[in-house]
Amino acid sequence: MKGKNKLKIQAAKRDCILKRFNKRNLMEIGIDSFAASFGDGKNIMESSEEAIANLLDRIVLADQVGLDVFGIGEHHRKDMLDSAPVVILSAAAARTKRIRLTSAVTVLSAADPVRVFQNFATLDLISRGRAEMVVGRGSSTEAFPLFGFSLHDYDELFAEKLDLLLKIRESEFVTWSGKFRPPLNHLPVYPRPLQDPLPIWLGVGGTPESFARAGTLGLPLMVAVIGGETHRFRPLVDLYKKAGAKAGHPVEKLKVGLHSIGYVANTAEEAINDFYPGYAQTMNKIGRERGWPAMTRERFEAQLGPLGALLVGNPEEVAEKILRHSKALGGISRLTFQMDVAVTPNPKVLQAIELIGSRISPLVNK
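Conventions adopted
For every chain, the first residue of the written sequence is number 1, and numbering continues from 1 onward in sequence order. Totals for whole chains, interfaces and linings use all residues, but because this is a predicted model, local features are given only for residues with pLDDT of at least 70 and pairs of side-chain atoms are given and counted only at 80 or more. Side-chain descriptors were evaluated using all non-hydrogen atoms of the structure, hydrogens and water having been removed beforehand. Numbering goes from the N terminus for both helices and strands, where a helix is a DSSP run of H or I of at least four residues and a strand is a run of E of at least two. For this measure, only C-alpha atoms enter the radius of gyration; the expected value for a globule follows 2.2 Å times N^0.38, where N is the number of residues. Partly exposed describes any residue whose relative accessible area lies between the buried limit of under 20% and the exposed limit of over 50%, with all areas from a 1.4 Å probe on protein chains only and scaled to the type maximum. Should any heavy atoms of two residues lie within 4.5 Å, those residues are considered in contact. Residue burial considers only the protein chains on display, and all accessible areas are found by Shrake-Rupley using a 1.4 Å probe. Predictor confidence is given residue by residue as pLDDT, running from a minimum of 0 to a maximum of 100. By convention in these notes, a salt bridge is any Lys or Arg side-chain nitrogen within 4 Å of a carboxyl oxygen on Asp or Glu. Pairing between two strands is assigned when DSSP locates at least 2 bridges connecting them. Seen with its strands pointing away from the viewer, a crossover is right-handed when the path leading from the first strand over the helix to the second is clockwise. Only the six-membered ring of Trp is used, alongside the rings of Phe and Tyr, when aromatic pairs are assigned; centres must lie within 6.5 Å, and planes under 30 degrees apart are stacked while those over 60 apart are edge-to-face, with the rest tilted. Any Lys NZ or Arg CZ that is within 6 Å of a ring centre and within 35 degrees of that ring's normal is treated as a charge sitting over the ring.

## Thoughts on the overall build of the protein chain
Looking only at helices and strands, the protein chain has twelve helices and twelve strands in total. Relative to its length of 366 residues, the protein chain is compact, with a C-alpha radius of gyration of 20 Å against a globular reference of 21 Å. Projected onto the principal axes, the alpha-carbon positions of the protein chain cover approximately 60 × 50 × 45 Å. By the burial criterion, 52% of the 366 residues in the protein chain qualify as buried. In the protein chain, the proportion of contacts linking residues at least 24 apart, taken out of those at least 6 apart, comes to 71%. Carbon together with sulfur atoms contributes 56% to the accessible area of the protein chain, which is approximately 17000 Å² in total.

Printed below as a string of structure tokens:
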């Protein structure tokens with residue numbers, strides 16, 4: 001019996017490696033979600049149960065239409081149900097076959113790296129080698145007071161916890177000491193994941209130090225561009241690659257991913273009409289909390305231009321824009337759509353996922 005299990009594990013590892021080898025020259029296309037529970041766009045609120053059920057259906061469809069990755073964010077607020085992303089991803093793992101399952105992002109600064117690694121290693125075993133994580137400091141800060149951390153330690157917390165997480169990934173037995181958690185003295189961390197190493201991306205916004213850190217550590221980079229003009233991030237991407245090269249990491253290890261707000265429909269007019277009302281509603285709600293200017297139709301349409309960050313339109317337009325962004329940034333390995341920032345009916349979101357898988361991904365990788 002043990003021999004059969006060993007053969008199954010070896011076969012799963014081989015399949016995982018082959019899939020990654022076969023797709024290494026293609027751009028991975030996927031979806032990120034914050035498990036939003038805003039409603040259906042007509043002021044009819046979903047129950048939390050309905051929102052989670054709809055989200056799992058979206059992940060299953062993304063798998064069926066050939067998308068490469070689905071990410072779940074982490075927030076701790078009423079209108080987002082992603083406070084326990086690994087639980088959602090594990091439920092999705094049981095219903096999917098090939099799509100990679102990741103966080104988007106794990107707020108590592110407010111978490112225990114030991115538990116983070118254990119959770120994702122378990123997800124990796126459940127999914128037979130399809131787990132990843134994107135770790136970051138978190139642009140939403142509600143996790144810090146909730147788990148007893150100070151925002152004054154924002155960067156120091158992340159640097160220390162990332163160091164521990166990478167040490168756990170590197171070795172089964174860990175000896176480590178730091179400022180924010182008790183030391184580990186040659187203690188083992190279990191379970192170990194199927195993938196070796198378990199993929200860990202570094203999620204960044206616009207801080208040069210974060211880009212340089214990812215390069216120095218040789219970690220793949222996931223850049224969140226939710227506004228402005230995407231090409232303006234090129235100097236930061238170059239900084240990442242320069243830091244990676246200086247640290248001696250091979251070029252192929254320094255992958256760049258792009259997390260973008262977007263939505264696709266059969267026509268550009270349909271996409272804009274579907275997406276704008278809910279997008280404006282959500283952005284104005286968040287904007288009131290963070291002091292952003294009001295979202296107007298004019299500001300929205302400015303983001304739809306050739307250089308704007310929003311990926312909203314018909315499949316051909318959006319595919320062209322993805323390729324334009326990739327060229328502007330010096331080549332990207334992964335692009336994920338964030339759609340549930342807008343209040344959009346579930347059938348419309350399902351249609352968008354189908355279009356991304358059946359039309360955009362083939363056009364981008366033609």
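Here the narrative resumes.
## With respect to the confidence of the model for the protein chain
Here the protein chain averages 91 in pLDDT, while 91% of its residues score no lower than 70. Low pLDDT, under 50, characterises residues 17-22; the stretch is placed with three contacts to residues that sit more than four places away or in other chains.

## So, helix 7 (residues 208-217)
For helix 7, the full list of buried residues reads Ser 210, Phe 211, Arg 213, Ala 214 and Gly 215. Contact partners of the buried residues in helix 7: helix 6 (154-170), strand 8 (200-204), strand 9 (221-225) and helix 8 (234-246). Looking one or two residues beyond helix 7, the residue adopting positive phi is Gly 218, at roughly 70°.

## Some thoughts on the pattern of salt bridges
The tally for this structure, following the rule as stated, stands at 19 salt bridges. Linking Asp 155 and Arg 213 is a salt bridge whose minimum nitrogen-to-oxygen distance equals 3.1 Å. Here Asp 155 is found in helix 6, whereas its partner Arg 213 is found in helix 7, with 58 residues between them in sequence. The exposure class of Asp 155 is partly exposed, given its relative accessible area of 36%. Among the ionic contacts, a cluster of salt bridges with common partners joins Glu 28, Arg 100, Glu 132 and Arg 334.

## Some words on the pairing of strand 2 (residues 69-72)
Along strand 2, one buried face is formed by Val 69 and Gly 71 and the opposite face, lined by Phe 70 and Ile 72, is buried too. Pairing analysis gives four bridges linking strand 1 (residues 28-33) to strand 2, with the strands arranged parallel. Paired with Ile 31 across the two strands is Phe 70, which belongs to strand 2. Two strands pair when backbone bridges link them, and strand 2 and strand 3 (residues 100-103) are joined in this way by four bridges, in the parallel orientation. Paired with Ile 72 across the two strands is Ser 103, which belongs to strand 3. Crossover connection from strand 2 via helix 3 (residues 85-93) to parallel strand 3: handedness right-handed.

## Examining unusual backbone geometry
Following Ala 104, the chain continues to Val 105 via a peptide bond in cis, the omega torsion being 5°. Looking at the element boundaries, Val 105 is found in the loop between strand 3 and strand 4 (106-107). Look at the link from Asp 196 to Pro 197: it is a cis peptide, with omega at 5°. Positionally, Pro 197 belongs in the loop between strand 7 (184-188) and strand 8. Not every positive phi belongs to a glycine, and Ala 35 is a case in point at roughly 50°. On the secondary structure map, Ala 35 appears in the loop between strand 1 and helix 2 (48-64). Backbone geometry at His 186 places phi at a positive 55°, although glycine is not the residue there. Here His 186 is to be found in strand 7.

## Side note on the packing of aromatic side chains
How two aromatic rings sit relative to each other is set out by the distance from centre to centre and by the angle between their planes. Counted by the stated rule, this structure contains five aromatic pairs. With a centroid separation of 5.6 Å and 20° between ring planes, the pair formed by Tyr 263 and Phe 275 is classed as stacked. Of the two residues, Tyr 263 sits in strand 10 (residues 256-264) while Phe 275 sits in helix 9 (residues 268-290), which places them twelve residues apart along the sequence. The exposure class assigned to Tyr 263 is buried, which follows from its relative accessible area of 1%. Taking the centre distance of 5.5 Å and the plane angle of 25° together, the rings of Phe 275 and Tyr 279 count as stacked. Of the two residues, Phe 275 and Tyr 279 are both situated in helix 9; the distance of four residues between them amounts to about one turn of the helix. Of the two residues, Phe 275 and Tyr 279, both sit in the buried class. One aromatic cluster is present, formed by Tyr 263, Phe 275, Tyr 276, Tyr 279 and Phe 300 through successive ring pairs. In this structure, Arg 297 is placed above the aromatic ring of Tyr 276, and the distance from its NZ or CZ to the ring centre is 5.0 Å.

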